[in-house]
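# A closer look at the structure
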Amino acid sequence: MSKNKSSESVKVVVRCRPMNDKERAAKFERVVSVDVKLGQIIVRNPREASASELPKVFTFDSVYDWNSKQIDLYDETFRPLVDSVLLGFNGTIFAYGQTGTGKTYTMEGVRNDPERRGVIPNSFEHIFTHISRSQNQQYLVRASYLEIYQEEIKDLLSKDQSRRLELRERPDTGVYVKDLLSFVTKSVWEIEHVMNVGNQNRSVGATNMNEHSSRSHAIFVITVECSELSVDGENHIRVGKLNLVDLAGSERQTKTGAHGERLKEATKINLSLSALGNVISALVDGRSSHIPYRDSKLTRLLQDSLGGNARTVMVANIGPASYNVEETLTTLRYSNRAKNIKNKPRINEDPKDALLREFQEEIARLKAQLQKRLGKKKKRRQRRRAVEGHDDEELEEGETEDDDDEDGDDKGDYWREQQEKLERERKAIMDDHSLVAEEKVLLLKEKEKKMEDLKREREAGEMLAAKVKAMESKLLVGGKNIVDHTNEQQRMLEQRRQEIAEQKRREREMQQQMESRDEETLELKETYSSLQQEVDIKTKKLKKLFAKLQAVKAEIQDLQEVHINHRQELEQTQNELTRDLKLKHLIIENFIPLEEKNKIVNRAYMDDEDEHWKMKPITRIEDEHQMMTRPLSAVGYRRPLCQHARVALIMKPDIRYKAENILILDMDMPAQTTKEYQEPVIAPKVAAALEDALRDEDEIQVDASRFHSSFAPTSASGSLKKPKTGKKSGTPTSPFSPSSPGPPLYPQTRGLVPK
Ligand code: ADP
Ligand code: MG
């Protein structure tokens, strides 16, 4: 890596969503204001008591308010990034923020509405338009889609959604997801289809989509490979990878009151997100030499985007309403730190894992194979013609020499000729009466075999040709439609002009800003005409500076508070985990014999790839194939016993410690060949009716007072006892409703509850 490589900061933009209907209905106050020109977000404290408190101001690369259009964001912020991906840089877009602030809206947007499409679909359009305009370049575009939930990676494009993938690392290409599927796509439509399939899988796996999506990270990856003939006459391949990341909601997950498994789960849920925060802090801090990329799957996978060789944009999404103010401030502080991360973007030229190279080589190989086949065939035909006496017929020049043009027709003719010839010969044999029957059969069989061979050969040739065609179709080339092309170019030109204008406007504003600052400093150097004037000006100045000082002080205080809260939470988690650990140690010390423990400790090792503890198999070192003799773990006993059990055994030899099992070993369960019973899905209407029918009879209220007078005396206690079970007995119940007057009436056997 060269030292003079230019570094650039992570670009951070903030987008504030509009108030939603609920917030408007509840008449929440808007506490966020957005100064698009100066790139500032201003947050007021909504509390009455702190009315005197100054609003907090944050400055970013660009900011977008509630009126911002998706396409504006794309043109100003994302288009340049995607452009550099097309040049061979790696690029990443993170959407960060509290749940419900518009991360998914920014990344995906509203499907089927061109105005409200997010970055992902807009980038599809951008990439394929770029390719169609390109010239003398070959492209290969592929897409993957994955999700990280509770530190497990799931391939959203895989058929088997229960499978979890692992991260692997290679020294040449870095960290990657093992066995992650990627689909080669040839058009906007195809890549959209890939996205839709992934989105569907995402919602299918989740029982509660809202909760799931707010706790998981979704990463859509587009890889664009481009091959171009350079001046040195060699084909060079550049590979750009675009990671589009919809992060989990940044709101604090409450961990209070969680123990054991639940605690572990809670700490796992946003591990990736807090690790992301720690990585950002460590990168910005400048003092720490260790960046904790390895702490989570997300940071490991996207290591390159944070302080690496990729270009990165972070979109921080916030909500405008007063009740969100704490989370909004947290998000703003977080992103404020992120803008100080420095990356060193670099083009990936001729990387080892370029798929395009493989494709090109495979196509060349198949073509050569096909050529060989055709060559063979032609020689055969020439030979045949010579034998059959066609040699006097003039061979047309182009027919044999020029392969490519007449290949199709030529091929067809050849096969037809061959088939016809065989057919003719077969007929001749059939008609030939001089042959003996057996001989005929033999000859016919031979001919049939020849025909079979011919057919097979033909099919193989066709298959090869089809394969070449299929592979070639995956490589995209541009410059097809010239008229359309110029139109497009014009449009592009206009767009560019717009962009340039926008840029200039921005520059002007920056200039203004700088000038106003300069003025401030100039004031200090000014000479004053009178002492009074000097006092006035300086007092004004002092007031301004004092206000600034107060703002900074308040910010420091806030940060300290946030810090303390965070630390308390971490301490609490640590305490819980320590307690857990202590309990485990206690169990091990008291219930697992020392020698057993040592054996396990000796066999255990950390698998760096999987990041799990594993057990080494019991084998002899010198001979790997022979199993070691079974270790004598409990001499004289049937099983390993703990000290307590041994003592108890001696004291009272007949008690249960005799065969106490201490180590619980898992059995190897055979693969299940039956299916789990699944309840049929019942429509809510039917379910309600069923429930009604099966309801316990306790709940049926029957007015039985009228029967009372005539039948009660027969019962000693004066009440009719209801059978204990709620089941219906075989006894027929009264055909008359209890309230209907007139005989014959006889008491129902049960279910009557006298008042
Ligand atoms: P998140 O993914 O951060 O949880 P969503 O993207 O699902 O949030 O947004 C929540 C709701 O707010 C959605 O209904 C979305 O349409 C709406 N929304 C978010 N941002 C905007 C915006 N800039 N303009 C209009 N509607 C928005
Ligand atoms: Mg979302």
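All of these numbers come straight from a predicted model, not from anything done at the bench. (Residues numbered from 1 in each chain as written. Chains lettered and ligands numbered in written order. Predicted model: local features only at pLDDT ≥ 70, side-chain atom pairs only at ≥ 80, totals over all residues. Heavy atoms only, no water.)

## Things to note about the overall build of the protein
Looking only at helices and strands, one finds 20 helices and 19 strands in the protein. The buried share among the 755 residues of the protein stands at 34%. Within the protein, counting contacts between residues at least 6 apart in sequence, those at least 24 apart form 70% of the total. About 49400 Å² of surface is accessible on the protein, with carbon and sulfur atoms providing 53% of the total. (Helix = DSSP H or I, 4+ residues; strand = E, 2+ residues; numbered from the N terminus. Buried < 20%, exposed > 50% of the residue type's maximum accessible area, 1.4 Å probe, protein only. Contact = heavy atoms within 4.5 Å. Areas by Shrake-Rupley, 256 points an atom, 1.4 Å probe, with all protein chains shown as cover.)

## As for the site of ligand 1
Close to ligand 1 lie Arg15, Arg17, Pro18, Gln98, Thr99, Gly100, Thr101, Gly102, Lys103, Thr104 and Tyr105. Residue glycine 100 places a main-chain N or O atom 2.6 Å away from an oxygen atom belonging to ligand 1. With respect to ligand 1, the backbone of threonine 101 contributes an N or O atom lying 3.4 Å from an oxygen atom. When the free accessible area of ligand 1 is taken as 550 Å², the share hidden by the protein chains comes to 65%. When residues of the shell around ligand 1 are assigned to their parent elements, the largest contribution, three residues, is made by helix H3 (residues 103–107). Per-class residue counts for the shell around ligand 1 are two nonpolar, six polar and three charged. (Near = heavy atom within 4 Å. Polar contact = N/O pair within 3.5 Å; in protein donor to acceptor, adjacent residues only side chain to side chain. Nonpolar A, V, L, I, M, F, W, Y, C, P; charged D, E, K, R; others polar.)

## A word on unusual backbone geometry
Look at lysine 27: it is not a glycine, yet its phi comes out positive at around 55 degrees. Relative to the helices and strands, lysine 27 resides in the loop between helix H1 (21–25) and strand E3 (32–35). A positive phi angle, close to 70 degrees, is found at asparagine 112, a residue other than glycine. With respect to the helices, strands and loops of the structure, asparagine 112 is situated in the loop between H3 and helix H4 (119–133).

## Some words on the packing of aromatic side chains
For the structure on display, the rule yields five aromatic pairs. With a centroid separation of 4.0 Å and 10 degrees between ring planes, the pair formed by tyrosine 96 and tyrosine 334 is classed as stacked. With tyrosine 96 in strand E7 (residues 90–97) and tyrosine 334 in helix H10 (residues 325–338), this pair connects stretches of sequence that are 238 residues apart. The same class applies to tyrosine 96 and to tyrosine 334, which are both buried. Considering the side-chain rings of tyrosine 145 and phenylalanine 220, the 5.0 Å spacing of their centres and the 75 degrees angle between planes classify their relative orientation as edge-to-face. (Phe/Tyr/Trp six-rings, centres within 6.5 Å; stacked < 30°, edge-to-face > 60°.)

## So, the pattern of salt bridges
According to the stated counting rule, one finds 32 salt bridges in the structure shown. Across the pair arginine 333 and glutamate 555 runs a salt bridge whose closest N-O atoms are separated by 3.1 Å. Of this pair, arginine 333 sits in helix H10 while glutamate 555 sits in helix H16 (residues 531–591); the two residues are 222 residues apart in sequence, bridging distant segments of the chain. A salt bridge links glutamate 596 to lysine 599; the nearest nitrogen and oxygen atoms lie 3.2 Å apart. One end of the pair is glutamate 596 and the other is lysine 599, both in helix H17 (residues 594–603) and three residues apart, which spans about a single turn. Judged by relative accessible area, lysine 599 falls into the partly exposed class, the value being 31%. Among the charged side chains, a salt-bridge network with shared partners connects Lys56, Arg333, Glu555 and Asp558. (Salt bridge = Lys/Arg side-chain N within 4 Å of Asp/Glu carboxyl O.)

## What about a nonpolar patch on the surface?
A contiguous nonpolar patch, built from Ile682, Val686, Leu690 and Leu694 and spanning about 380 Å² of accessible area, is present on the exposed surface. Here isoleucine 682 shows up in the loop between helix H18 (643–651) and helix H19 (684–694). On the basis of relative accessible area, isoleucine 682 is assigned to the partly exposed category, the value being 43%. (Patch = residues over 30% accessible without salt bridge, like charges linked within 9 Å, V, L, I, M, F, W, Y side chains within 5 Å.)

## A word on the sheet that holds strand E5 (residues 56–59)
Spatial ordering of the open sheet is given by E3-E4-E5, a layout of three strands whose pairing is antiparallel. Either end of the sheet is taken by a strand with one partner, and the two such strands are E3 and E5. The mean inter-strand angle of the sheet, taken between neighbouring strand axes irrespective of direction, is 20 degrees. Pairing between E3 and strand E4 (residues 40–43): four bridges, direction antiparallel. The partner of valine 34 across the bridge, within E4, is isoleucine 41. Its contacts with the sheet place H10 against E3, E4 and E5, and it is angled at close to 35 degrees to E5. (Pairing = 2+ DSSP bridges. Axes fitted to C-alpha atoms, helices over the stretch in contact; angles between N-to-C directions.)

## Looking at the confidence of the model for the protein
In low-pLDDT regions, the fine details of the predicted coordinates are not to be read closely. With 73% of its residues at a pLDDT of 70 or more, the protein has an overall mean of 78. Segment residues 390–408: pLDDT under 50, and 15 contacts once partners within four positions in sequence are set aside and those in other chains are kept. Counted against residues more than four places away or in other chains, residues 708–741, with its pLDDT under 50, gives 32 contacts. (pLDDT = per-residue confidence, 0-100.)

## Here's the deal with helix H14 (residues 437–474)
Two residues of an α-helix separated by three or four positions point the same way, owing to the 3.6 residues in each turn. When the terminal C-alpha atoms of H14 are compared, their 55 Å separation across 38 residues agrees well with the 56 Å that a helix rising 1.5 Å per residue should span. If you check which residues of H14 are buried, you get Lys440, Leu444, Lys447, Met451, Leu454, Gly461, Leu464, Val468 and Met471. (Expected span 1.5 Å × (residues − 1).)

## Quick word on the packing of helix H2 (residues 70–86) against H4
Their axes nearest at 10 Å, the elements H2 and H4 cross at an angle of 50 degrees. Here H2 is positioned oblique relative to H4, judged by the angle of their axes. As for how H2 packs across H4, the hand of that crossing is right-handed. In this structure, H2 contributes Ile71, Tyr74, Phe78, Arg79, Val82, Asp83 and Leu86 to the contact, and H4 contributes Val119, Asn122, Ser123, His126, Ile127 and His130. Residue composition of the contact of H2 with H4, grouped by class: seven nonpolar, four polar and two charged. (Parallel < 35°, antiparallel > 145°, perpendicular 65-115°, else oblique. Left-handed = near helix turned anticlockwise from the far one by under 90°.)

## Side note on the pairing of strand E14 (residues 235–246)
The buried count for E14 comes to nine of twelve residues, which makes it a mostly enclosed element. Of the pairings in the sheet, the one linking E7 to E14 comprises five bridges and is parallel in character. Opposite glycine 91, over in E14, you have leucine 242 as the bridge partner. Direction of pairing for strand E13 (residues 217–229) relative to E14: antiparallel, over a ladder of twelve bridges. Bridge pairing in E14 places cysteine 226 opposite arginine 238.

## Re a positive patch on the surface
A cluster of basic side chains, namely Arg517, Lys540, Lys544 and Lys548, defines a positive patch on the protein surface. Tallying contributions element by element places H16 first for the positive patch, with three residues. With respect to the helices and strands, lysine 540 occurs in helix H16. Taking the relative accessible area as the measure of exposure, lysine 540 reaches 66% and is therefore exposed. (Lys, Arg positive; Asp, Glu negative; His and termini not counted. Charge placed at Lys NZ, Arg CZ, Asp CG, Glu CD.)

## Topic: the environment of aspartate 608
Summarising the element assignment, aspartate 608 is placed in the loop between strand E18 (604–607) and strand E19 (612–615). Linking aspartate 608 and arginine 168, residues 440 residues apart in sequence, is a C-alpha distance of 9.5 Å.

## Description of the nonpolar core
Side chains of a nonpolar character, in soluble globular proteins, are inclined to be buried together. Formed by 45 residues in total, the largest nonpolar core has its most connected members in Ile41 and Ile219. Apart from the residues lying within four places of it in its own chain, the contact partners of isoleucine 41 are Val14, Val32, Ser33, Val34, Lys56, Val57, Phe58, Phe60, Val63, Ile318 and Leu332. By size, the runner-up hydrophobic cluster in this structure holds 38 residues, among which are Tyr74, Leu86, Ile127 and Val141. (Core = buried A, V, L, I, M, F, W, Y, C linked by side-chain atoms within 4.5 Å.)

## Thoughts on the environment of aspartate 246
Note on placement: aspartate 246 falls in strand E14. Residue aspartate 246 is classed as buried on the basis of its relative accessible area of 6%. Excluding anything up to four places from it in sequence, aspartate 246 contacts Ala95, Lys103, Thr104, Met107, Ser216, His217 and Ala218. A polar contact is formed between the side chain of aspartate 246 and the side chain of threonine 104, at a distance of 2.8 Å.

## Quick look at the environment of lysine 447
Summarising the element assignment, lysine 447 is placed in helix H14. For lysine 447, a relative accessible area of 12% corresponds to the buried category. Note: C-alpha distance between lysine 447 and isoleucine 429 (18 residues apart in sequence) is 9.6 Å. With residues up to four places along the chain from it excluded, the contact list for lysine 447 reads Leu422, Glu425 and Ile429.

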